[in-house]
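Understanding the architecture of this molecule
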Amino acid sequence: MSQDRSCNDPVLVNDWHIIADLATLPQGQTHRARLLGVDLAARESRTGYAVTRLDTNEPVAATERYGFLWACLGTPERDIVAIPETDEPDRHIITGGSIGVRVSGLRAVENFLDMGHFPFVHTGWLGEEPHTEVQPYQVRLTEGGEVLATECRFFQPAASPTASGGMMVDYIYKVVRPYTVALYKSNPVQTDRLDVIFLFVQPVDEENCVAHPLLCYLKDGIDAAGVRAFMQLIFGQDKPILENQYPKRLPLDPRAETPIRADAVSVYYRRWLRDHNVRYGAIPAHH
Amino acid sequence: MIKLYDYELSGNCYKLRLLMSILGVDYETVPVDFYPGREHKSDWFLRLNPLGQLPVVDDDGLVLRDAQAILVYLAARYDPSGTWYPRDDPRLLGEVSQWLAFADGITATASAARLHDGLFYDVDIDACRAGAHRLFRILDEHLWFGEQEGRDWLCAAAAPTIADIACFPYVMLSEEGGISRQDYPAIRRWCDRLKRVDGFIVMSGIFPASRARAA
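Residue indices follow the written sequence of each chain, beginning from 1 at its first position. Just so you know, chain letters begin at A and ligand numbers begin at 1, following the order they were written in. The model is predicted, so local features are restricted to residues of pLDDT at least 70 and side-chain atom pairs to those at 80 or more, both for listing and for counting; the totals for chains, interfaces and linings are taken over all residues.

1. Regarding the overall build of chain B
Put simply, DSSP marks the helices as runs of H or I at least four residues long and the strands as runs of E at least two long, and each gets a number from the N terminus on. If you tally the helices and strands in chain B, you get seven helices and four strands. Counting helices and strands in the order they occur from the N terminus, chain B gives β-α-β-α-β-β-α-α-α-α-α. Here the C-alpha atoms of chain B give a radius of gyration of 17 Å, agreeing with the 17 Å that 2.2 N^0.38 yields for 215 residues. Each residue is classified by how many other C-beta atoms fall within 10 Å of its C-beta atom, where C-beta atoms are placed from the backbone; a count of 20 or more means buried, 12 or fewer means exposed, and values in between mean partly exposed. The proportion of buried residues among the 215 residues of chain B is 42%. Think of it this way: build a C-beta for each residue from its backbone, and any pair within 7 Å is a contact. Contacts in chain B between residues far apart in sequence, at least 24 positions, make up 67% of those at least 6 positions apart. Here the radius of gyration uses the C-alpha set of atoms, whereas the globule reference equals 2.2 Å times the residue count to the power 0.38.

Listed below in structure tokens is the structure:
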């Protein structure tokens, strides 16, 4: 079974991944999690959480950030993604509610990047017919090697919990790690500023993941519960679509699935995954 | 105005939103941070419902808990047609109550499996799935025999009742708990019929019926 294949991708093994929302960890009890096909146990100690592999009983690197517990199975080669917006005092910085999804985490990232499904899956919220066209946008690599999609615009009937009607919404997407993607979206109240959503995807195994959203929304006109409710409303609509994707892993062969112009960022993402030798959760391209 | 203490991903809250939409009843929602905030176990919410469960409604000072109980109240009070909760038909009322209790069984099995898979609840997942399949088999046979007799709904009435609303959400969401409905064709046809009732609304995870009428 592909679920049991261990991960040999250095870019994943030597990186940090979220294994839990700290707020949901039961006090004084051991928390079980699974990361890259490896079962882990997290136990609270005086100095924080200690995380061990259940197959070898060896400790793995663990730390806490942004309200989440993170682990790294190998040797961390770089720090957890920096998010400057989390230092801005007029924002809610809240975990959005971690949700398990029966699909490769790479599929979850790709779905997050897709505007084409808005009118059909998020009808009445992030899109509605007949406004189905995805206008051309730009995709490029940043100096830091991230995938950046800019000039994304879409008509949204209820773009956020504070939206008072339909509006053209500006988006910027950024894939910062193979299993981490961010969205910057115009705030309906302070139109010159952007709400930020990071989606950290925990690869449980190749065909299962947990989506951990981090929400950095301007507080203007909205409470934390409202922000969370909106995130879960939207993600709850995506979940059955994701779980019905076939194959469950993301094919990286350019001929495996047929993209259209609106999929430019997805095409770029798949090529970027090939360039970084990401195979875990993917169906690698054949050479 | 009716105040609904609400959580979007709760099928039990959705039952009430669905019935109120069908009946054209105005209401406002109070979002409760059920997950990950566990606000339904907070002091202020426990004063409203000591069981610490959603949904709760407050209708002009009348505070009610339990989705099935609230369906009874809303239909009895706000459905002028009297078909959703047929107060004057003892036989039908017995049937409605029977299926309201059955809906609690669906919540204890299919909904629990969904909470396990999606939100990491600690339950016996195999027992939940097996229990859901047992109930779905009973439901499917009941609906299949009903179709042979010209009955479209759970109870022997020409129109749907709150029993249909009570059983529908966690059946429709079952695949999120790893419970396939492939083997239950009569359940699928019944769900499609309910989706075509005037005033039907969706929740996250439930999609509208296709525009073309099913053959």
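Now that the structure is up, let's keep going.
2. Some words on the overall build of chain A
For chain A, the count of helices and strands is five helices and 16 strands. For chain A, the C-alpha radius of gyration of 19 Å lies close to 19 Å, the compact-globule estimate for 287 residues. Each of the three principal axes of chain A carries a C-alpha extent, and together these read 55 × 50 × 35 Å. Intrachain contacts of chain A at a sequence separation of at least 6 include 62% that bridge at least 24 residues.

3. Section: the pairing of strand β11 (residues 167-177) of chain A
On a regular strand, each side chain points to the face opposite its neighbour's, so the side chains alternate between the two faces of the sheet. All names here are of chain A. Both strand β10 (residues 147-156) and β11 contribute to a ladder of eight bridges, which runs antiparallel. The partner of F154 across the bridge, within β11, is V169. Strands qualify as paired when DSSP identifies two bridges or more between them. Here β11 folds back onto strand β12 (residues 180-186), and the loop between the two strands holds two residues.

4. Points about the pairing of strand β1 (residues 17-21) of chain A
Residues and elements named next belong to chain A. Burial of β1 is extensive: five of the five residues sit out of reach of the surface. As paired elements, β1 and strand β6 (residues 68-72) share four bridges and run antiparallel to each other. Across the sheet, the residue bridging to A20 is L69, located in β6.

5. Looking at helix α2 (residues 105-112) of chain A
Counted residue by residue, α2 of chain A has eight buried out of eight residues, so it is predominantly covered. For α2 of chain A, the complete set of buried residues consists of G105, L106, R107, A108, V109, E110, N111 and F112 of chain A.

6. Focus on the sheet that holds strand β4 (residues 62-65) of chain B
Residue and element names in this part refer to chain B. Spatial strand order, β2-β1-β3-β4: four strands in an open sheet with mixed pairing. Each of the sheet's edge strands pairs with one partner strand only, and the pair in question is β2 (27-31) and β4. In this sheet, adjacent strand axes meet at a mean angle of 20° when their direction is disregarded. As paired elements, strand β1 (residues 2-6) and strand β3 (residues 56-59) share three bridges and run antiparallel to each other. In the strand pairing of β3, K3 is matched with D58. To define axes, lines are fitted to C-alpha atoms, for helices over the stretch in contact only, and angles between the resulting N-to-C directions are given on a 0 to 180 degree scale.

7. Describing the sheet that holds strand β4 (residues 48-53) of chain A
Pairing between the strands of a sheet is mediated by backbone hydrogen bonds and can be parallel or antiparallel. Residue and element names in this part refer to chain A. Strand order in the open sheet formed by six strands is β1-β6-β5-β4-β3-β2, and the pairing between neighbours is antiparallel. The open sheet has two free edges, formed respectively by β1 and β2 (31-35), since each of these has just one partner strand. Pairwise comparison of adjacent strand axes, ignoring direction, gives a mean angle of 35° for this sheet.

8. A look at the interface of chain B and chain A
In this assembly, 15 residues from chain B lie in contact with 19 residues from chain A. No other element matches the three residues that helix α4 (residues 90-119) of chain B contributes to the side of chain B that touches chain A. When residues are sorted by character, Ala, Val, Leu, Ile, Met, Phe, Trp, Tyr, Cys and Pro go into the nonpolar class, Asp, Glu, Lys and Arg into the charged class, and all the rest, Gly among them, into the polar class. Tallied by class, residues from the side of chain B that touches chain A come to six nonpolar, four polar and five charged.

9. Focus: the packing of helix α3 (residues 67-78) of chain B against helix α6 (residues 162-172) of chain B
Residue and element names in this part refer to chain B. Orientation of α3 relative to α6, taken along the N-to-C sense of each, is 150°, at an axis distance of 10 Å. Handedness of the crossing formed by α3 with α6: right-handed. Residues A67, Q68, L71, V72 and A75 of α3 touch α6, and the partners they reach there are I162, I165 and A166. Of the residues contributing to the contact of α3 with α6, the split by class is seven nonpolar, one polar and no charged. Crossing handedness is read from the near helix: turned anticlockwise from the far helix by less than a right angle, it gives a left-handed crossing, and turned clockwise, a right-handed one.

10. Quick word on the nonpolar core
In these notes, a nonpolar core means any group of buried Ala, Val, Leu, Ile, Met, Phe, Trp, Tyr and Cys residues linked to one another through C-beta atoms within 7 Å. Judged by nonpolar contacts, the single largest core of 76 residues is most densely connected at I19, A108, V109 and A211 of chain A. Ranked by residues supplied to this core, first place goes to strand β14 (residues 208-218) of chain A with eight residues. Residue ranges assigned to the domains are those given by an automatic or database domain assignment. Both domains that meet at this core, namely domain 1 (2-72) and domain 2 (84-283) of chain A, each give it at least three residues. For A108 of chain A, the contacting residues outside a window of four places in its chain are V101, V103, V201, C209, A211 and L242 of chain A. Counting 58 residues, the second largest nonpolar core, distinct from the first, contains Y5, I70, L143 and L154 of chain B.

11. Some words on the domain arrangement of chain A
Residues and elements named next belong to chain A. When the domains of chain A are assigned, the result is domain 1 (2-72) and domain 2 (84-283). Its C-alpha centre places domain 1 at a distance of 24 Å from the equivalent point of domain 2. Contact residues are listed per partner, giving 20 residues for domain 1 and 20 residues for domain 2. Of all the secondary-structure elements, those providing two or more residues to the side of domain 1 that touches domain 2 are α1 (10-13), β1 and β2. Top contributing element to the side of domain 1 that touches domain 2 by residue count: β1, with four residues.

12. A few points about the environment of F120 of chain B
All names here are of chain B. Its place among the elements puts F120 in the loop between α4 and α5 (125-148). Taking the C-beta count within 10 Å as the criterion, F120 has 18 such neighbours and is therefore assigned partly exposed. Taking the C-alpha atoms as reference points, F120 and L74, 46 residues apart in sequence, are found 33 Å from one another.

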